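Summary of the model geometry
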Amino acid sequence: MMLPPPADQPDRPMASPFPPELHDVRHLWLKAGLLLLWALVSFGASYFARDLQTLVLGVWPLGYWIVAQGAVLVFIAIVVVYAWAMNRFERQDQQRQDHRHQTPEPAPGNADHPHGW
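So, here's what we can say about the structure. (Residues numbered from 1 in each chain as written. Predicted model: local features only at pLDDT ≥ 70, side-chain atom pairs only at ≥ 80, totals over all residues. Heavy atoms only, no water.)

**Some words on the nonpolar core**
Leu30, Leu34, Ile78, Ala85, Met86 and Phe89 form the largest nonpolar core, which has 6 residues in total. Secondary structure elements with two or more residues in this core: α1 (25-48) and α2 (62-101). Top contributing element to this core by residue count: α2, with 4 residues. Setting aside chain neighbours within four positions, we find Leu34 in contact with Ile78, Val81 and Tyr82. (Core = buried A, V, L, I, M, F, W, Y, C linked by side-chain atoms within 4.5 Å. Buried < 20%, exposed > 50% of the residue type's maximum accessible area, 1.4 Å probe, protein only. Helix = DSSP H or I, 4+ residues; strand = E, 2+ residues; numbered from the N terminus. Contact = heavy atoms within 4.5 Å.)

**Here's the deal with the pattern of salt bridges**
Applying the stated criterion across every chain, the model contains 2 salt bridges. For Arg26, the salt bridge goes to Asp93, with nearest N and O atoms at 2.7 Å. With Arg26 in helix α1 and Asp93 in helix α2, this residue pair connects regions lying 67 residues apart in the sequence. Asp93 sits in the partly exposed class, given a relative accessible area of 25%. A salt bridge links Arg96 to Asp93; its shortest N-O distance comes to 3.2 Å. With a gap of 3 residues between them, Arg96 and Asp93 both fall in helix α2, about one helical turn apart. Here Arg96 falls in the partly exposed class, since its relative accessible area comes to 45%. (Salt bridge = Lys/Arg side-chain N within 4 Å of Asp/Glu carboxyl O.)

**Some words on the packing of α1 against α2**
The N-to-C vectors of α1 and α2 enclose an angle of 175 degrees; their axes lie 10 Å apart at closest approach. Between α1 and α2, the interaxial angle falls into the category roughly antiparallel. Looking at the contact of α1 with α2 residue by residue, the class counts come to 17 nonpolar, 3 polar and 4 charged. (Axes fitted to C-alpha atoms, helices over the stretch in contact; angles between N-to-C directions. Parallel < 35°, antiparallel > 145°, perpendicular 65-115°, else oblique. Nonpolar A, V, L, I, M, F, W, Y, C, P; charged D, E, K, R; others polar.)

**Brief notes about a nonpolar patch on the surface**
A contiguous nonpolar patch, built from Leu35, Trp38, Phe43, Val72, Leu73, Phe75, Ile76, Val79 and Val80 and spanning about 920 Å² of accessible area, is present on the exposed surface. A per-element tally of the nonpolar patch places α2 first, with 6 residues. On the accessibility criterion, Val72 (44% relative accessible area) is partly exposed. (Patch = residues over 30% accessible without salt bridge, like charges linked within 9 Å, V, L, I, M, F, W, Y side chains within 5 Å. Areas by Shrake-Rupley, 256 points an atom, 1.4 Å probe, with all protein chains shown as cover.)

**Points about α2**
Three or four residues apart is the spacing at which side chains of an α-helix point the same way, because the helix has 3.6 residues per turn. Between its terminal C-alpha atoms α2 stretches 56 Å, which fits the 58 Å expected from 40 residues at 1.5 Å a residue. Residue Gly70 marks the point of greatest curvature in α2, where the axis turns by about 35 degrees. Of the surrounding elements, those touching the buried residues of α2 are α1 and β2 (60-61). (Expected span 1.5 Å × (residues − 1). Bend = angle between axes of the 7 residues up to and from the residue.)

**Considering the packing of aromatic side chains**
Following the criterion strictly, the structure yields 1 aromatic pair and no others. Taking 6.4 Å as the distance between ring centres and 70 degrees as the angle between the ring planes, the aromatic pair formed by Trp38 and Phe43 counts as edge-to-face. By relative accessible area, which is 39% here, Trp38 ends up partly exposed. Residue classification places Phe43 among the exposed residues on the basis of a relative accessible area of 57%. The aromatic ring of Phe89 is capped on one face by Arg26, whose charged end is 4.6 Å from the ring centroid. (Phe/Tyr/Trp six-rings, centres within 6.5 Å; stacked < 30°, edge-to-face > 60°. Lys NZ or Arg CZ within 6 Å of the ring centre and 35° of its normal.)

Put into structure tokens, the structure is as follows:
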């Protein structure tokens, strides 16, 4: 249940705790894809680890290497990809914003002579 605003403050819409650009479709797809990859690696590697115990790499079975080391390496890769993609999105947004704020240049030649002479 929401409380009414105090009498001394005008009724105004509630501000979102996050800036609107964090809800961009590109960002949501990136987050969803990386979370799906994280879930597949975390649960998939654990699920198939028992089947991979027959293959031995060095002293330990392959299942140990994949679950103990591979999942951590994939998680680090997910963090790196997320940081790279967010920097790229930020640069693209900045370029769009700069392009939008540029003033249009006048048409060449006809600015001083409206009749073209």
